[in-house]
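Topology and contacts: notes
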Amino acid sequence: MRDAPPKPEKIRCDACPVMCYIADGRSGACDRYANEDGQLVRLDPLTILERRKEVGGGAVAFLGGDKEWNGDVISASNRFVTAVGAGTTYPDYKPAPFIVASEVNGVDMITVVTEGIFSYCGAKVKIDTDRHLGPERSFVRANGEPIGHVTTGEYGSQMLSLGGVHHLTGGTKKEGRVTCAALLALCNGEAVDLTIDDGSELTVQANKAPIINGITEKRMRVGCGSATAGMFASQWKGLVDEVVVVDDHITGVMSEHQAGKVIGWAETGIKVLGRRSTPGRYFQVAEPGTDWGGTNLQDPLAILGDFNPKTAVAGLSLLMVSTTGEHFAYYELDENLVPVEKDIPDRLQPSILRIEENCEPALCSVLFMGGAGGSLRAGVTENPVKLTRSVQQALTRVTCGGAPVFRWPGGGITVMSDVSRMPDNSFGYVPTPALVAPIEFTVSRADYEAMGGHMYHVMSLKDAIKGITGPQNDHVLKGQREIAPNADNPWPEGLT
Ligand code: SF4
């Protein structure tokens, strides 16, 4: 009887500090790399943008080494190798996985492509709603773990700041793991359930309406209460005696408001309970909440004091409306000058519809934010600060999965990118914990050489598309997928 063949040895992945030993047929801790017949394989296909491709391209295997490339049917200059699926050459003591030469409008360009491991990263989330989600600085939690906080609200939106190095590395092991998982899901466009201390329960998903305490938000407000009063002052004039636009931030009162004054609205003797900022603009009329205009009001009359009998008259009409038009009520003063609710008259219906019409759909926006100022730069150039300077001087263009980024001024390479403009499943993770995000640096060949780029590792775009990898790679690629670029994105190499 012959001995069984020796069991293949495990291979070691060095694409992140975990350094997994991976047995044949198994994948590493992050499921991004596997051991296939003794070869380290990057499992997700390399994603290539193809300018004339219909949306929805699938993954294809690379040609075998014995087959000839016939890719001239579609010019390579219409393709861009993104970092999605490209792999990592951590910790960047060797050049990035792909350093690709292309020609754009007669200019020789180089794109350095890598999947960066970001320990310093997070997501800024904009939630289009008037509703109060929780006090600023309150913890945002996923699965009970703090993963971020409520930050400064913006015009018509509430903002969350999620992730960051303190939650990824500075808390308990579970906090780091949960933070990383929530960021990964959000950045890959999945729905994530969150709770806010002393606030709401949320479901957040990029480019989808937020769900707040189980209710799907429909509309983003037309403006604050004061702006709404200004916008519709002339349309309401002659139809109703008084309008109050209820808003947690700035409640507008038409007869007192500058907009009402200049077009001749008469005084009504109304008294609004709140802190008067300027005429017709009131702060703090109620507590923040999820009802009328982002307040805790279910009965808007609670913000009114007694009407002044010297000015008010019985029969005076009053419209109260929220900044989205979601809440509205119509009143007339009785003989005691007390507002009595009545059916809203037909003449006022179009103005409510006009407010709704002017509200945009409520969405969640997720921006990945990361700092590429660390060792990742060494995969681009021998002198990392030269990449930083080149990016700061706008000689080098940064993209994430081919999507444009906003680069923060100041030191380092700190960028933000809208995840909905990136290819599907652009993000991965490693259990350190950290997020893996695609990043590409595109620069003219001359400038790349001048910054001390790894010129000996430059390969042609056609070779990269064929699946050929550079000598710096100790992994092979599983395949590639060609997808159409997002229609809202400029071509990542620029110059077109
Ligand atoms: S976690 Fe993933 S990237 Fe890191 S060593 Fe293991 S297989 Fe490689």
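See the structure printed just above.
The rules we used
- Here the residue index of a chain counts from 1 through its sequence in written order.
- The predicted nature of this model means local features are confined to residues of pLDDT at least 70 and side-chain atom pairs, given and counted, to a pLDDT of 80 or more, with totals for whole chains, interfaces and linings taken over all residues.
- For side-chain calculations, the full set of non-hydrogen atoms in the structure is used, while hydrogens and water are omitted.
- Salt bridges are identified by distance alone: a Lys or Arg side-chain nitrogen within 4 Å of an Asp or Glu carboxyl oxygen.
- The helix and strand labels rest on DSSP assignments: H or I over at least four residues marks a helix, E over at least two residues marks a strand, and numbering proceeds from the N terminus.
- The rule is simple: take the accessible area with a 1.4 Å probe, protein chains only, and divide by the maximum for that residue type; under 20% is buried, over 50% is exposed, in between is partly exposed.
- What makes two strands pair is DSSP finding at least two bridges between them.
- Residue types Ala, Val, Leu, Ile, Met, Phe, Trp, Tyr and Cys, when buried and joined through side-chain atoms within 4.5 Å, form a set referred to as a nonpolar core.
- The contact definition used throughout considers only heavy atoms, calling two residues in contact when any of these lie within 4.5 Å.
- Aromatic rings from Phe, Tyr and Trp, with only the six-membered ring used for Trp, were paired whenever their centres fell within 6.5 Å, and each pair was classed as stacked if the ring planes differed by under 30 degrees, edge-to-face if by over 60, and tilted otherwise.
- For a ring to carry a charge above it, either NZ of a lysine or CZ of an arginine must fall within 6 Å of the ring centroid while also lying within 35 degrees of the normal to the ring plane.

This brings us to the pattern of salt bridges. This structure, assessed with the given rule, holds 18 salt bridges. Among the ionic pairs, Glu 115 bridges to Arg 42, the shortest N-O distance being 2.9 Å. Here Arg 42 lies in strand β4 (residues 39-42) and Glu 115 lies in strand β9 (residues 107-118), a separation of 73 residues in the sequence. For Glu 115, a relative accessible area of 2% translates into the label buried.

Here strand β10 (residues 121-128) pairs with strand β25 (residues 364-371) via seven bridges, running antiparallel. Opposite Ala 123, over in β25, you have Phe 368 as the bridge partner. Looking at chain direction, β25 and strand β29 (residues 414-418) are connected through five bridges and run antiparallel. Bridge assignment links Gly 371 to a residue of β29, and that residue is Thr 414.

With 57 residues, the main nonpolar core has Leu 160, Leu 194 and Phe 441 as its most contacted residues. In terms of residue count, the dominant contributor to this core is helix α2 (residues 173-187) (eight residues). Not counting residues up to four positions away in its chain, the partners in contact with Phe 441 are Ile 110, Thr 111, Val 112, Ala 372, Leu 376, Val 380, Leu 387, Val 391, Thr 396, Arg 397, Val 398 and Ile 413. The next biggest cluster of nonpolar side chains, apart from the first, holds 21 residues, and it includes Val 253, Tyr 282, Val 285 and Ala 329.

The subject of this paragraph is the packing of aromatic side chains. Summed over all chains, the structure comprises five aromatic pairs. Judged by centre distance (6.3 Å) and plane angle (75°), the ring pair of Phe 80 and Trp 491 falls under edge-to-face. One end of the pair, Phe 80, is in strand β7 (residues 79-81); the other, Trp 491, is in the segment after β34 (480-483), with 411 residues separating them in the sequence. Residue Phe 80 is classed as buried on the basis of its relative accessible area of 1%. On the basis of relative accessibility, which here comes to 7%, the residue Trp 491 falls in the buried class. Between Phe 118 and Phe 368, the aromatic rings sit 5.5 Å apart at their centres with planes inclined by 85°, giving edge-to-face as the arrangement. Here the residue Phe 118 occupies a position in strand β9, and Phe 368 occupies one in strand β25, the gap between them amounting to 250 residues. Sitting over the face of the ring of Tyr 33, Arg 42 holds its NZ or CZ atom 5.8 Å from the ring centroid. In this structure, Arg 51 is placed above the aromatic ring of Trp 491, and the distance from its NZ or CZ to the ring centre is 4.1 Å.

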